[in-house]
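Commentary on secondary and tertiary structure
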Amino acid sequence: MSEMMRVENIAKSFTLHVQQGAVIPVFKNINMTMNAGDCIALTGASGAGKSTFMRMVYANYVCHEGNIFVRHLNDWVDMVHAEPHTILNVRRHTLGYVSQFLRVIPRVSTLDVVMEPMKIFGIAAEEAQVKAEGLLARLNIPPALWSLSPLTFSGGEQQRVNIARGFATEYPIMLLDEPTASLDAENKAIVLDLITEAKDRGTAILGIFHDAAARDAICTSEFDISQYRVASDA
Ligand SMILES: Nc1ncnc2c1ncn2[C@@H]1O[C@H](COP(=O)(O)OP(=O)(O)OP(=O)(O)O)[C@@H](O)[C@H]1O
Ligand SMILES: [Mg+2]
């Protein structure tokens, strides 16, 4: 199986400038690899650093120690040291991230929210629209809502729009932060199907799933981040 991601010796601590520079250590010495077709469950107690780890892989959070290599267009990019334009390219073509909450841009329609990453990827507008409509329908977002901003949607509706947006482009690597957290059983099953289809295509997936049944149904292995926890002296 081809290797898609390799994390070497990363550590994270937060420095709180508002509190005289107090340092809050989170974890250290994390090593992991992810192959095409893997679906790895990132587990650990609340506060263990699961979301933090994911944000570091996506280069949203600075990493002061270690390397995070992702395979990008037959090359390896270290997300810790890459230039901003390289990071943007990796996010455009290689690395998808479904955050826990949709970041809603005012006045942009739901359809445009879902189509945006496909347009950036270079997919033609008509094709992107067909794909976006198909995903929204599959995720039970009524067509009457497609032209509206998701700003006033329910939590579960916003989450499904976020998932449609994340899955519209077939990224080789995907990060999923609690993608089924606020969904009912029917919609949860649809999202698990989407994840399984991506995995079967060879996408390497790292996911946080609060729900053990969902995890057991789709994950190929588990990575427990708690074992890398650094106790705070405070
Ligand atoms: N931007 C930040 N500034 C300071 N501390 C932070 C920041 N982000 C996260 N933390 C701290 O890092 C630790 C890990 O947080 P994180 O959100 O990664 O946990 P988690 O494992 O995803 O938990 P949950 O299961 O509750 O979502 C927590 O103690 C949190 O307070
Ligand atoms: Mg979290």
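Residues numbered from 1 in each chain as written. Chains lettered and ligands numbered in written order. Predicted model: local features only at pLDDT ≥ 70, side-chain atom pairs only at ≥ 80, totals over all residues. Heavy atoms only, no water.

Our focus in this paragraph is the packing of aromatic side chains. Evaluation of the coordinates by the stated rule reveals four aromatic pairs. Look at phenylalanine 14 and tyrosine 61: their rings are 5.4 Å apart centre to centre, the planes differ by 85°, and that puts the pair in the edge-to-face class. Of this pair, phenylalanine 14 sits in strand β1 (residues 3-16) while tyrosine 61 sits in the loop between α1 (50-57) and β4 (65-72); the two residues are 47 residues apart in sequence, bridging distant segments of the chain. Exposure remark for phenylalanine 14: the relative accessible area of 25% places this residue in the partly exposed category. The exposure class of tyrosine 61 is partly exposed, given its relative accessible area of 27%. Between the NZ or CZ atom of arginine 6 and the centre of the ring of tryptophan 76, over which it lies, the distance is 5.0 Å. Positioned above the aromatic ring of tyrosine 58, the side-chain terminus of arginine 91 is 4.3 Å from the ring centre. (Phe/Tyr/Trp six-rings, centres within 6.5 Å; stacked < 30°, edge-to-face > 60°. Helix = DSSP H or I, 4+ residues; strand = E, 2+ residues; numbered from the N terminus. Buried < 20%, exposed > 50% of the residue type's maximum accessible area, 1.4 Å probe, protein only. Lys NZ or Arg CZ within 6 Å of the ring centre and 35° of its normal.)

Moving on to the site of ligand 1. Residues in contact with ligand 1, as listed here, are Phe14, Leu16, Val26, Ala45, Ser46, Gly47, Ala48, Gly49, Lys50, Ser51, Thr52 and Tyr61. At 2.6 Å from an oxygen atom of ligand 1 is found a side-chain nitrogen or oxygen belonging to serine 46. Glycine 47 places a main-chain nitrogen or oxygen 2.9 Å from an oxygen atom of ligand 1. Computed on the free molecule, ligand 1 has an accessible area of 640 Å², of which 64% lies beneath the protein chains in the complex. Sorting the residues of the shell around ligand 1 by element identifies β1 and α1 as the ones contributing at least two each. In terms of residue count, the dominant contributor to the shell around ligand 1 is α1 (three residues). Taken together, the residues that form the shell around ligand 1 break down as six nonpolar, five polar and one charged. (Near = heavy atom within 4 Å. Polar contact = N/O pair within 3.5 Å; in protein donor to acceptor, adjacent residues only side chain to side chain. Areas by Shrake-Rupley, 256 points an atom, 1.4 Å probe, with all protein chains shown as cover. Nonpolar A, V, L, I, M, F, W, Y, C, P; charged D, E, K, R; others polar.)

Attention now goes to the sheet that holds strand β9 (residues 221-224). The strands that make up a sheet are held in pairs by hydrogen bonds between backbone atoms, and each pair lies either parallel or antiparallel. Read across the sheet, five strands follow the order β6-β7-β8-β3-β9 without closing on themselves; strand pairing throughout is parallel. In the strand order of this sheet, the two ends are held by β6 (95-98) and β9, each with one partner. Mean inter-strand twist for the sheet, computed between neighbouring axes without regard to direction, equals 20°. Sheet topology places strand β7 (residues 173-177) next to strand β8 (residues 204-208); five bridges connect them, and they run parallel. Counterpart to leucine 175 in the pairing with β8 is leucine 206. Contacts from α1 reach β3 (39-43), β6, β7 and β8 within the one sheet, and its direction differs from that of β8 by about 145°. Its contacts with the sheet place helix α6 (residues 185-201) against β3, β7 and β8, and it is angled at close to 150° to β8. (Pairing = 2+ DSSP bridges. Axes fitted to C-alpha atoms, helices over the stretch in contact; angles between N-to-C directions. Contact = heavy atoms within 4.5 Å.)

Within helix α3 (residues 110-121), burial applies to Thr110, Leu111, Val113, Val114, Met115, Pro117 and Met118. If you follow the buried residues of α3, they end up packed against α4 (125-138) and α5 (155-168). A positive backbone phi angle near 105° is found at glycine 122, which sits one or two residues after α3.

That's the geometry; what it means functionally is another story.
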